[in-house]
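Descriptive structure summary
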Amino acid sequence: MKIHEKYMRRCIQLAKNGLGTTYPNPLVGSVVVHNDLIIGEGWHHQAGQPHAEVNAIDAVRDSSLLKDATIYVSLEPCSHFGKTPPCAGLIVSKDIKKVVVGTIDPNPKVAGQGIKKLMEAGCDVMVGVLEDECNELNKRFFNFQQQKRPYIFLKWAQTANGFIAPESRDEQKPVWITNEFSRQVSHKLRAEEQAILVGTTTVLDDNPSLTTRDWFGEHPTRIILDRKLRIDLRASVYNSKANTIFITETQQKTEGNIIFETIDFSGNIAMQICTIAHKHSLQSLIVEGGSQTLQTFIDTNFWDEAYVFKGASFFEKGTKAPKFSGTLVRQTQIVQDVLQHYKNPSA
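Please read all numbers here as calculations on a predicted model, not as lab measurements.

Moving on to the overall build of the chain. Looking only at helices and strands, one finds 10 helices and 16 strands in the chain. For 347 residues, the compact-globule formula gives about 20 Å, and the C-alpha radius of gyration of the chain, at 23 Å, lands near that figure. For the C-alpha atoms alone, the extent of the chain along its principal axes is close to 70 × 45 × 35 Å. When burial is assessed residue by residue, the chain has 53% of its 347 residues classed as buried. Partitioning the intrachain contacts of the chain with sequence separation of at least 6 by distance along the chain shows that 68% fall at a separation of at least 24. For the chain, the exposed area adds up to about 16800 Å²; of that, 48% sits on carbon and sulfur atoms. Each charge class in the chain was averaged separately, 39 positive and 38 negative side chains, and the resulting centres sit 1 Å apart.

Moving on, we get to the pattern of salt bridges. Under the defined criterion, the tally for this structure stands at 15 salt bridges. Here Glu-136 ties to Lys-343 by a salt bridge, and the two come within 3.2 Å at their closest N and O atoms. Of this pair, Glu-136 sits in helix α5 (residues 131–137) while Lys-343 sits in strand β16 (residues 337–343); the two residues are 207 residues apart in sequence, bridging distant segments of the chain. Given the relative accessible area of 27%, Lys-343 is considered partly exposed.

Take unusual backbone geometry next. Here Tyr-23 and Pro-24 are connected by a cis peptide whose omega angle stands at 5°. Structurally, the position occupied by Pro-24 is in the loop between α1 (2–15) and β1 (29–34). Note that the residue after Gly-289, namely Gly-290, is joined by a cis bond; omega there is -5°. Note on placement: Gly-290 falls in the loop between β12 (284–289) and α10 (291–299). Positive phi, close to 50°, is recorded for Leu-130, a residue that is not glycine. Looking at the secondary structure, you find Leu-130 in the loop between β5 (124–127) and α5. A positive phi angle, near 60°, is found at Ser-281, a position not held by glycine.

Within the structure shown, the criterion is met by one cavity of 30 Å³ or more. In this structure, the largest cavity is lined by 13 residues; those nearest its centre are Thr-22, Tyr-23, Leu-27, Asn-138 and Arg-140. Classifying every residue of the lining of the largest cavity gives six nonpolar, six polar and one charged.

A separate point is the nonpolar core. Counting 32 residues, the largest nonpolar core has Leu-154, Ile-247 and Phe-297 as the members making the most contacts within it. The biggest single contributor to this core is helix α9 (residues 269–279), with six residues. When sequence neighbours within four positions are dropped, the list of residues in contact with Phe-297 reads Ile-152, Leu-154, Leu-197, Ala-270, Ile-273, Cys-274, Val-287, Phe-302 and Trp-303. By size, the runner-up hydrophobic cluster in this structure holds 22 residues, among which are Val-32, Ala-56, Ile-57 and Val-125.

With respect to the secondary-structure elements, Asp-36 resides in the loop between β1 and β2 (37–43). Linking Asp-36 and Ala-69, residues 33 residues apart in sequence, is a C-alpha distance of 9.2 Å. The residues contacting Asp-36, other than those within four sequence positions of it, are Ile-3 and Tyr-7.

This part takes up the environment of Ile-39. Tracing the sequence through the fold places Ile-39 in strand β2. Between the C-alpha atom of Ile-39 and that of Asp-132, which follows or precedes it by 93 residues, the distance is 26 Å. In this structure Ile-39 touches Val-32, His-34, Ala-59, Val-60, Arg-61 and Leu-65, once residues within four positions along its chain are discounted.

The next subject is the UniProt feature "active site" (unreviewed entry) in the chain. The feature "active site" (unreviewed entry), as given by UniProt, occupies Glu-53 in the numbering adopted here. On the secondary structure map, Glu-53 appears in helix α2 (residues 52–58).

Strand order in the open sheet formed by five strands is β2-β1-β3-β4-β5, and the pairing between neighbours is mixed. Lying at the two open borders of the sheet, with one neighbouring strand each, are β2 and β5. Pairwise comparison of adjacent strand axes, ignoring direction, gives a mean angle of 15° for this sheet. Running over the sheet, α1 touches β1, β2, β3 (70–75), β4 (98–103) and β5 and is turned about 145° from β1.

So, how was this worked out
Per chain, residue numbering runs from 1 following the sequence as it is written. Reporting of local features is limited, given that this is a predicted model, to residues whose pLDDT is at least 70; pairs of side-chain atoms are given and counted only at 80 or more, and all residues count toward the totals for whole chains, interfaces and linings. Excluding hydrogens and water, the side-chain values take into account all heavy atoms of the structure. Working definition: helices are DSSP H or I runs of at least four residues, strands are E runs of at least two. Numbering for both runs from the N terminus. For the radius of gyration, the atom set is restricted to C-alpha positions; the globular benchmark scales as 2.2 Å times the number of residues to the power 0.38. When accessible area is computed with a 1.4 Å probe and restricted to protein chains, residues below 20% of their type maximum are described as buried, those above 50% as exposed, and intermediate ones as partly exposed. In what follows, residue pairs with any heavy atoms lying within 4.5 Å of each other are defined as contacts. In short, Shrake-Rupley with a 1.4 Å probe defines the accessible areas, and a residue's cover is counted only from the protein chains shown. Think of it this way: Lys and Arg go in the positive column, Asp and Glu in the negative one, and His and the chain ends go nowhere. To locate a charge, the coordinates of NZ of Lys, CZ of Arg, CG of Asp or CD of Glu are taken. Any Lys or Arg side-chain nitrogen located within 4 Å of an Asp or Glu carboxyl oxygen qualifies as a salt bridge. Of the two site types, the cavity is a set of points on a 1 Å grid over the protein atoms alone where a 1.4 Å probe fits but cannot get out, and the pocket is an open set with protein on both sides within 12 Å along at least five of seven lines, each lined by residues with an atom within 4 Å of a point. Grid points are joined across faces, edges and corners, and a volume is the space filled by probe spheres set on the points. Three classes are used, and their members are as follows: Ala, Val, Leu, Ile, Met, Phe, Trp, Tyr, Cys and Pro are nonpolar, Asp, Glu, Lys and Arg are charged, and the others, Gly among them, are polar. Joining through side-chain atoms within 4.5 Å is the link that ties buried Ala, Val, Leu, Ile, Met, Phe, Trp, Tyr and Cys residues into a set, and such a set is a nonpolar core. UniProt positions are given in the numbering used here, feature names are shortened, and annotations may be inferred rather than shown by experiment. A pair of strands is labelled paired if DSSP reports no fewer than 2 bridges between them. Structural elements are reduced to axes, namely lines fitted to C-alpha atoms, with helices fitted over the stretch in contact, and the angle between N-to-C directions of any two is expressed from 0 to 180 degrees.

Put into structure tokens, the structure is as follows:
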């Protein structure tokens, strides 16, 4: 088992290269092993492009070795035709007899059918190697398939004495609590997720662009809570740099990259936002502010992880940081700032 874990760990490592670029597809890595040596490896780069197994097999220089090789893959090989042919069929056609799979794909189009196809073709299939790690790798995809909602990250910056905004913002918009390196990390997180949510007050106070301008990657879809449509059309969230979904109480006409959705603001706002995100195939969501919006998700327990940036600055008065209870899993020093990473123990 240890040798299988070694190669599956490499699959997971490879798969992580696709974080932020494979949506709506999952992250998948694969290696081909012959006589305890990796002779080919690959990962899924982008939806519509070859899957991990295809890239790993194509990387093998001597295809005659495949019949005596073992292919490892972090997620069950697909069995259906989508934008690309089924990987289970490719493995069978290449006469690879041994297949080691990290975890089963919960997508109803796969859900054990890939493994079934391999076994019916005479392949020796092992399933469940580093299963927990493989499930963690695709927590966004799995959550979207099983819970019918995006995987939710809370994120905010607070001062050393627990404020997320000063009492007055007259002198500076936005008000920076953390250093430039923390802001770069924040933009990296944006590039890894599909959507980002803020409330009306945050946009009115800071006029944020909510893009990944300090990191390479795709801009997330912007979701803006604007019940009364108070945000000026000249605000940065109305620009063409990213798709933007405005959530209001009255229906408006969608134009270009600006989409309008309505909800009942007297109901469970977090749940309704999740339903809209699922409708738009958004597998992950960063809830970035403000305090009331963050607290709404906390109070209804619609969150999975939280990133709290703590700066060295102090405010005399202002808006207090949200109150929540999470399990601290990691703490990172960023010059004088501290980044705390929490998980929801009940999620």
